Amino acid sequence: MYPPFDYFEHRRACVIKQRHRDARFDSLPDPYRGPLTSQQRSILNAPIAQLVRDVHDGTLSPIDILRTYGKTTTVAHQRTNCVTEILLPEAESWARNEQDVNLKGPLAGVPVSLKDSIAVGGFDVSVGYSRNVFKPYSEDGVMVKLLKRAGAIPHAKTALPITLLSFESTNDLWGVCKNPHNPRYSPGGSTGGEGALLALNGSRIGIGSDVAGSVRAPAAWSGINSLRCSTGRWPKVGMNTSMPGQEGIPSVFSPMARTLDDLTYFTRAFIGMKPWEVDYTVHPVPWRQELYDEALEKKPLRIGLMSTDGVCAPAPAISRGLDITASALRSAGHQVVEIPVSSYPPAATPAQGLQIASVLLCADGGRTFRSFFRTGETNDPGAAQINFYMALPRPLKYLWYLFTRYIRRDSVWASILRYFHPLSAFEQWRWVAKREAFRATWFDWLNQPAQQFDFILCPGNATPALPHGCMKEAVSSCGYTFLWNLLDYTAGILPVAKVDKEKDALPKGFRPANGIEKGAYRYYDSAKMAGLPIAVQIVGRRLTEEKVLGYMQVVTDALRESGTVYEHLDVDNLPEIDELEQGSSKKIPVDPKKIW
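About the criteria used
- Residues numbered from 1 in each chain as written.
- Predicted model: local features only at pLDDT ≥ 70, side-chain atom pairs only at ≥ 80, totals over all residues.
- Heavy atoms only, no water.
- UniProt positions renumbered as here; feature names shortened; annotations may be inferred.
- Helix = DSSP H or I, 4+ residues; strand = E, 2+ residues; numbered from the N terminus.
- Contact = heavy atoms within 4.5 Å.
- Pairing = 2+ DSSP bridges.
- Axes fitted to C-alpha atoms, helices over the stretch in contact; angles between N-to-C directions.
- Buried < 20%, exposed > 50% of the residue type's maximum accessible area, 1.4 Å probe, protein only.
- Polar contact = N/O pair within 3.5 Å; in protein donor to acceptor, adjacent residues only side chain to side chain.
- Core = buried A, V, L, I, M, F, W, Y, C linked by side-chain atoms within 4.5 Å.
- Domains from an automatic or database assignment.
- Phe/Tyr/Trp six-rings, centres within 6.5 Å; stacked < 30°, edge-to-face > 60°.
- Lys NZ or Arg CZ within 6 Å of the ring centre and 35° of its normal.

- Under an unreviewed UniProt entry, the name given to the chain is amidase, and the organism recorded is Cladophialophora immunda.
- Its UniProt record, at the heading Catalytic activity (unreviewed entry), says of the chain: "a monocarboxylic acid amide + H2O = a monocarboxylate + NH4(+)".
- Checking UniProt for the chain, the heading Sequence similarities (unreviewed entry) contains the comment "Belongs to the amidase family."

As structure tokens, then:
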């Protein structure tokens, strides 16, 4: 379709989808409305294992669980605009039909929310593009089939950014998803809707995908837990994406949860469903309880502390979170060893890793994700910057590189500019070879006696959550997550504390050291950020999900013993948000009978 007709179709699709979503929320019956009952509060607070046992023995109905989380999902969506498709009417039907959901399974009755890119039969998989709507999938994708077979009940699909290349979660189709702690800020991306929903107790488990930090940034910015699995440990088929065929830095679907207990229980149960039997991309690696137990029992652990990657120094708030965590681990009897920037292998520094990962992820020059846009469809600010840099003529870009490298003396930003253009197949192969050499160098480096860490403790991101629109400047400050995608290491996020206006202020006279740091710090303001989550990242080796979850438990226990317990948001006691901040709009009346 040609402009302007394509633009009119785009606007029409956005209006209809948002009206339909609003109407489905408005049409929910009375059990989904009103304050939480005492039983529903107990459901929200019960360990996930207890909920499953209660469903198994018949003392708790999955419908009761579903309606509890239906209420909290509604509250979370009203505050953050985190839901794209509400599945509650269908979910009740699934919960009542043993042929749809196996209520004898290890996840019986557990509500699970899904990133919008995951296929659920009867619903669109829009990925934030209006071109993809009004095309419901005929059946569930592999992920959803496995969840239902385990007894879990999908109840919502959640927000993401158009292109999926952002730590924001905004698009024309669904609007702006907001941070649950402060609506002026992003909840992270690209799985931002899950971060917002889980932080407000609107779901028990969330499933997202991660190509440069897309389950870890939302966890860090929204104050929840997440696990970035290694490739081959988690199902991959039955999804949609903005970059099909991109394998330079593979995307990995991975779990998120409000609590570490939920995250561990779910990961164990889901891997126990043998996903390799239904998805050819999954390695036949069962859950290895002995590795989890070993991580819990080993003492002292030898922990590498990455206080900075030498590219973008973490903000004061993030450094404080690291200090709190390292101090707690030392008090618990573990050895925490600083990793100086000078110790990284010269041929494989984090700066070089950021260069390789950035070039490989955008090897097509952004052509693929742009191909799905309709006329007038708004791009993500970060992806728009990628387009800008990629489109510059190579001679001009080379002059810019020379100016940045030798006049401004910014070698880090210059290294990104130098090769950031669309690659030929010949060039792509050379960069994949660089990736493999980088991985081999890190493998050898970590095996040296001076390293041999049980895990690495590092920032989950250089800064806490940033405000909406920030990705225009901060799109390249993703090194603390992107490095582990390049290496394909397992990594988890733990919330530790919250930003303090006084403690986390920038020192007087602070000046960014390079262009990447400048973009990250452009919006850093401890006064405005007060109350936003501070998180740390726990990094293990490839395919060590059991160990990383065990190490996350060790860290959590050490923090608790030292008196540090992260305070989650309480959906029953949330501060008021005025109508302007909430972004409320007039509802379009639709007959509820046609929706329910």
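## Some words on the environment of Val341
- Of note, Val341 is situated in the loop between strand 10 (335-338) and helix 12 (350-361).
- Measuring from C-alpha to C-alpha, the distance between Val341 and Arg288 comes to 34 Å, with 53 residues separating the pair along the chain.
- Not counting the four nearest positions on each side in its chain, Val341 is found in contact with Thr308, Asp309 and Gly310.

## Here's the deal with the sheet that holds strand 11 (residues 455-459)
- Taking strand neighbours across the sheet as the criterion, the 11 strands line up as 1-3-2-6-8-7-12-13-11-9-10 in an open arrangement whose pairing is mixed. Two strands in the sheet have a free side with no partner beyond their single neighbour: strand 1 (83-86) and strand 10. Across this sheet, the average inter-strand angle for adjacent strands is 30°, counted without regard to direction.
- Two strands pair when backbone bridges link them, and strand 7 (residues 225-228) and strand 8 (residues 252-257) are joined in this way by two bridges, in the antiparallel orientation. Across the sheet, Ser226 pairs through a bridge with Met256, a residue of strand 8.

## Describing the environment of Lys298
- Tracing the backbone shows Lys298 in the loop between helix 10 (289-297) and strand 9 (302-305).
- Here Lys298 falls in the partly exposed class, since its relative accessible area comes to 38%.
- Residue contacts for Lys298: discarding those within four places in its chain leaves His334 and Asp454.
- One polar contact links Lys298 to Asp454, side chain to side chain, over a distance of 2.8 Å.

## A few points about the UniProt feature "domain: Amidase" (unreviewed entry) in the chain
- UniProt records the feature "domain: Amidase" (unreviewed entry) for residues 65-549 in the present numbering.
- Annotated as residues 65-549, this span is 38% helix and 13% strand, and its ends, taken at the C-alpha atoms, are 26 Å apart.

## Things to note about the nonpolar core
- Counting 183 residues, the largest nonpolar core has Ile207, Trp442, Leu457 and Trp484 as the members making the most contacts within it.
- For this core, the element with the most residues is helix 22 (residues 545-561), which contributes eight residues.
- In this structure, this core is formed jointly by two domains, domain 1 (10-341 + 452-569) and domain 2 (347-432), each of which donates at least three residues.
- Not counting the four nearest positions on each side in its chain, Trp442 is found in contact with Tyr344, Pro345, Ala348, Leu483, Trp484, Leu487 and Tyr489.

## Some details on the packing of aromatic side chains
- Per the stated rule, a full pass over the model turns up 22 aromatic pairs.
- Between Phe167 and Trp221 the ring centres are 5.9 Å apart and the planes differ by 80°, which places this aromatic pair in the edge-to-face class. Of the two residues, Phe167 is situated in the loop between strand 3 (153-158) and strand 4 (170-171) and Trp221 in helix 8 (residues 216-222); the sequence distance between them amounts to 54 residues.
- Of the residues examined, Trp221 reaches a relative accessible area of 1% and is grouped as buried.
- Taking 5.5 Å as the distance between ring centres and 45° as the angle between the ring planes, the aromatic pair formed by Tyr344 and Trp445 counts as tilted. With a gap of 101 residues between them, Tyr344 in the loop between strand 10 and helix 12 and Trp445 in helix 17 (residues 425-446) connect regions that are remote in the sequence.
- Among the aromatic residues, ring-to-ring pairing joins Tyr344, Phe438, Trp442, Trp445, Trp484 and Tyr489 into one connected group.
- Taking NZ or CZ as reference, Arg268 lies 5.6 Å from the ring centre of Tyr292, over its face.
- In this structure, Lys498 is placed above the aromatic ring of Tyr566, and the distance from its NZ or CZ to the ring centre is 5.2 Å.

## Topic: the pairing of strand 11
- For strand 11, the tally of buried residues reaches five of five residues, placing the bulk of the element in the interior.
- Taken together, the three bridges between strand 9 and strand 11 define a ladder with parallel strand orientation. Within strand 11, the position partnered with Gly304 by the bridge is Ile456.
- Sheet topology note: the strand 11/strand 13 (residues 533-539) ladder contains four bridges and is antiparallel. Residue Leu457 lies in a different strand from strand 13, and its bridge partner there is Ile538.

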